[in-house]
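# Report on the structure
Here is how the chains run, residue by residue.
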Amino acid sequence: MSKNPIYIGKTEASFQEAEVMGDFVKINHENFYKISNSDQMRPFFMSLVSESNHWLFISSNGGLSAGRKNAEKALFPYYTEDKIKESAEITGSKTILLVHQQDKTMLWEPFSMKYEGVYQIVRNLYKNAYGNKIIFEEINQNLGLTYRYQWNTSNQFGFVKKARLINNSETDVQVSVLDGIQNILPYGLGSDMQNSYSNLADAYKKSELEGSLGIFALSAIIVDKAEPSEALKANIAWSVGLDHPTYLISSLQLNNFKKGQIVTQEKDVKAEKGAFFVVQDVKLQAKSEQSWMIVANVNQGPSELVEISVKLKDQEALRKEVEEDIELGTQNLVKLISNADGLQLTADNLQNTRHFSNVLFNCMRGGIFDENYKFDIADFVGYIKKANKKTYQLQKELLNKLPATLTLKGLKIIALHVDDTDFKRLCLEYMPLKFSRRHGDPSRPWNRFSINTQSEIDGSKILDYEGNWRDIFQNWEALAHSYPEFIESMIHKFLNATTFDGYNPYRVTKDGFDWETIEPNDPWSFIGYWGDHQIIYLLKFLEFIENHYPNKLAESLNTDMFVYANVPYKIKSYSDILKNPKDTI
């Protein structure tokens, strides 16, 4: 190895080694955990949460995937974790700065590894205590500038990237800014199509600029059939904060900008990956800063496009509305998690944050009860209708007479006085949970999640839960301590989804349970039929109900109210099961 200094061209490279440190800091009166010199660590994976149906998985090097509800409604491609880390240069946030200093123009591309060693830089990473805001910061000590961007979520507007350029020096500076997001997907491009046919998908992509609104759609729904299939929705992006910038809707002119060439506004780009960039010359006074935001959303129809176009005419009012919606989302998230006893106040701030995070992810898996022990009767009736059509018809008259809202206690009283075993079972099994999703992410992509919180038709609230057997019952074990009256419902759901031979199906949902099917060409597929999660979870439930309702357990032993899961497998005879309890199918 060379003992000589390393040079890039005629400039000695700056390869600084710095200690990685973590500590809490205050930013705009809010607690953030700061990792100083985060680039000295191997890239690691994080998630950004919201009180709504957003999902965002991001690497500490900036590569990300994001969308709403599920992977089929993605803003950026839903890839596996390794590919997301590798795509940091081409997906998500992208910034290029030309810093004009006397007779030189300095090219600076924050967070890019292409220029490692060119500048003395410090990179820091921040995440707020509630887990719904992440800040990336790069300080260029040679240029005296700091670039910082922050990811946020807004129920109304989608995903919000706040950008900030800070002049740390004592002199004014002129900067040509190109900032935005790239590899934006059009609406209607599913994850399987993107992963298997991404080159074909590019041919169908159509990016348009209407005023200052970027519209990303498919020229037609991708089908191999001789039939019309029009794409009627789009993903969108827009910006506020800069005064009449030049807009780009692709990454085609990025190299021209780096070379100092003029870039021209793009209006219509076909068969290219979508992007949304703003380009503007900014003059920063000494010790001053300039901020702006870029907002993107998915699944937008014609009426939503018209609405946001009108709002863009008053950018200051729109910016304020976005800020308020972000903060409202934080308040709603805190309220959700506090309902499961997620707020803790001790002298140890790290412990408080850890507790909130634990409860947050617990609720994301198992759900949280909508209005404590109260629920809308419409949701209960819909549940009965799906669970057992025959029972629904038999009890239709009773269901129509119920009040608009009911309590768990009231429901149990009704069940007690109805001479219908199936109806009683379904009453006791019902749980008005929301905010739940399967434990799926790019590190375990076989778990296909869906955050089903609101109707896509009218935006109304939806109560739903789903999860792999192990995950959901693990999380309900903790949730029972916050809502002990529901322990009986949890036990009923557990037992009624268990098979005759004592095994469990793969997934549990509000509507029942389901299984994997064996796919001959997929070595990771199996029937999803296990018995290793049974005893400990049920034992914890039984211990809990005995402590909370002494002798209640004994009353249930002779009650003819439980059923077995009717699985689509042929179970061996009892004598064969005795010979080998681990081989029952």
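Of the regular secondary structure elements, the protein chain holds 17 helices and 29 strands. If one aligns the C-alpha atoms of the protein chain with their principal axes, the spans along those axes are about 90 × 60 × 50 Å. A total of 585 residues make up the protein chain; the buried ones form 52% of that total. Residue pairs at least 24 apart in sequence account for 67% of intrachain contacts in the protein chain once pairs closer than 6 positions are excluded. Accessible area of the protein chain: about 28,800 Å², with a carbon and sulfur share of 51%.

Here we come to the packing of helix 11 (residues 408-416) against helix 12 (residues 421-429). In contact at an axis separation of 9 Å, helix 11 and helix 12 are set at 165° when each is read in the N-to-C sense. By the angle between their directions, the pair helix 11 and helix 12 is classed as roughly antiparallel. Between helix 11 and helix 12 lies a crossing whose hand is left-handed. For the pair helix 11 and helix 12, contact is made by Leu411, Lys412, Ile414, Ala415 and Leu416 and by Phe423, Lys424, Cys427 and Leu428, respectively. For the contact of helix 11 with helix 12, the residue count by class is seven nonpolar, no polar and two charged.

As a further point, take unusual backbone geometry. Residues other than glycine seldom take positive phi values, yet Ala271 does so here, at roughly 60°. Inspection of the secondary structure assignment puts Ala271 in the loop between strand 20 (268-270) and strand 21 (274-284). Of the residues examined, Ala271 reaches a relative accessible area of 38% and is grouped as partly exposed. Non-glycine residue Lys287 carries a positive phi angle of around 55°. Considering the arrangement of structural elements, one finds Lys287 in the loop between strand 21 and strand 22 (289-300).

Strand order across the open sheet formed by three strands is 27-28-29, with antiparallel pairing between neighbours. The two strands at the open ends of the sheet, each matched to only one other strand, are strand 27 (466-468) and strand 29 (512-514). Neighbour-to-neighbour, the strand axes of this sheet turn through a mean angle of 20°, independent of strand direction.

In this section: the packing of aromatic side chains. The final tally for this structure, using the stated rule, is 33 aromatic pairs. Where Phe157 meets Trp238, the ring centres are 6.0 Å apart and the plane angle is 75°; that geometry is what we call edge-to-face. In this pair, Phe157 sits in the loop between strand 13 (145-154) and strand 14 (158-167) while Trp238 sits in strand 18 (residues 234-240), placing the two residues 81 residues apart along the sequence. Neither Phe157 nor Trp238 differs from the other in exposure class; each is buried. Ring centres of Phe473 and Phe541 lie 6.0 Å apart, and the angle between their planes is 70°; this geometry places the pair in the edge-to-face category. With Phe473 in helix 13 (residues 469-482) and Phe541 in helix 15 (residues 534-548), this residue pair connects regions lying 68 residues apart in the sequence. As far as the burial class goes, Phe473 and Phe541 line up, both buried.

Our focus in this paragraph is the pairing of strand 5 (residues 45-48). Taken together, the four bridges between strand 5 and strand 6 (residues 54-59) define a ladder with antiparallel strand orientation. Looking across to strand 6, one finds that Ser47 is bridged to Phe57.

What follows deals with the nonpolar core. Core analysis: the biggest nonpolar cluster contains 45 residues, and Phe136, Trp151, Leu165 and Phe276 have the highest contact counts within it. Per-element tally for this core: the top contributor is strand 15 (residues 173-184), with five residues. By size, the runner-up hydrophobic cluster in this structure holds 36 residues, among which are Met364, Phe435, Phe486 and Ile487.

You can see Arg444 is positioned in the loop between strand 26 (433-434) and strand 27. Looking at Arg444, the relative accessible area reads 26%, which means it is partly exposed. Polar side-chain contacts of Arg444 include one of 2.7 Å to the side chain of Asp441.

The next thing to look at is the packing of helix 8 (residues 377-387) against helix 12. A packed helix pair is summarised by two numbers, namely the angle formed by the two axes and the spacing between the axes. Packing of helix 8 against helix 12 leaves a shortest axis separation of 11 Å and a crossing angle of 130°. As judged from the angle between their axes, helix 8 and helix 12 are oblique. Classified by chirality, the crossing of helix 12 by helix 8 is right-handed. Of helix 12, the residues touching helix 8 (which contributes Phe380, Tyr383, Ile384 and Ala387) are Phe423, Leu426, Cys427 and Glu429. Of the residues assigned to the contact of helix 8 with helix 12, the class counts are seven nonpolar, no polar and one charged.

Further remarks concern the sheet that holds strand 3 (residues 21-27). Sheet architecture is open: 11 strands sit in the order 3-4-11-12-13-14-22-18-17-16-20, paired in antiparallel fashion. On the outer flanks of this sheet lie strand 3 and strand 20, each paired with one strand and no other. Neighbour to neighbour, the strand axes of the sheet diverge by 20° on average, direction disregarded. The pairing of strand 16 (residues 205-210) with strand 20 spans three bridges and is classified as antiparallel. Residue pairing across strands places Ser207 opposite Val269, the latter belonging to strand 20. Set on the sheet, helix 6 (residues 315-338) makes contact with strand 13, strand 14, strand 18 and strand 22; between it and strand 18 the angle comes to about 110°.

Together, Ile6, Ile8, Phe15 and Val118 line one region of the surface with nonpolar side chains, adding up to about 340 Å² of accessible area. For Phe15, the location among the structural elements is in the loop between strand 2 (11-12) and strand 3.

How each quantity is defined
Residues numbered from 1 in each chain as written. Predicted model: local features only at pLDDT ≥ 70, side-chain atom pairs only at ≥ 80, totals over all residues. Heavy atoms only, no water. Helix = DSSP H or I, 4+ residues; strand = E, 2+ residues; numbered from the N terminus. Buried < 20%, exposed > 50% of the residue type's maximum accessible area, 1.4 Å probe, protein only. Contact = heavy atoms within 4.5 Å. Areas by Shrake-Rupley, 256 points an atom, 1.4 Å probe, with all protein chains shown as cover. Axes fitted to C-alpha atoms, helices over the stretch in contact; angles between N-to-C directions. Parallel < 35°, antiparallel > 145°, perpendicular 65-115°, else oblique. Left-handed = near helix turned anticlockwise from the far one by under 90°. Nonpolar A, V, L, I, M, F, W, Y, C, P; charged D, E, K, R; others polar. Pairing = 2+ DSSP bridges. Phe/Tyr/Trp six-rings, centres within 6.5 Å; stacked < 30°, edge-to-face > 60°. Core = buried A, V, L, I, M, F, W, Y, C linked by side-chain atoms within 4.5 Å. Polar contact = N/O pair within 3.5 Å; in protein donor to acceptor, adjacent residues only side chain to side chain. Patch = residues over 30% accessible without salt bridge, like charges linked within 9 Å, V, L, I, M, F, W, Y side chains within 5 Å. Salt bridge = Lys/Arg side-chain N within 4 Å of Asp/Glu carboxyl O.

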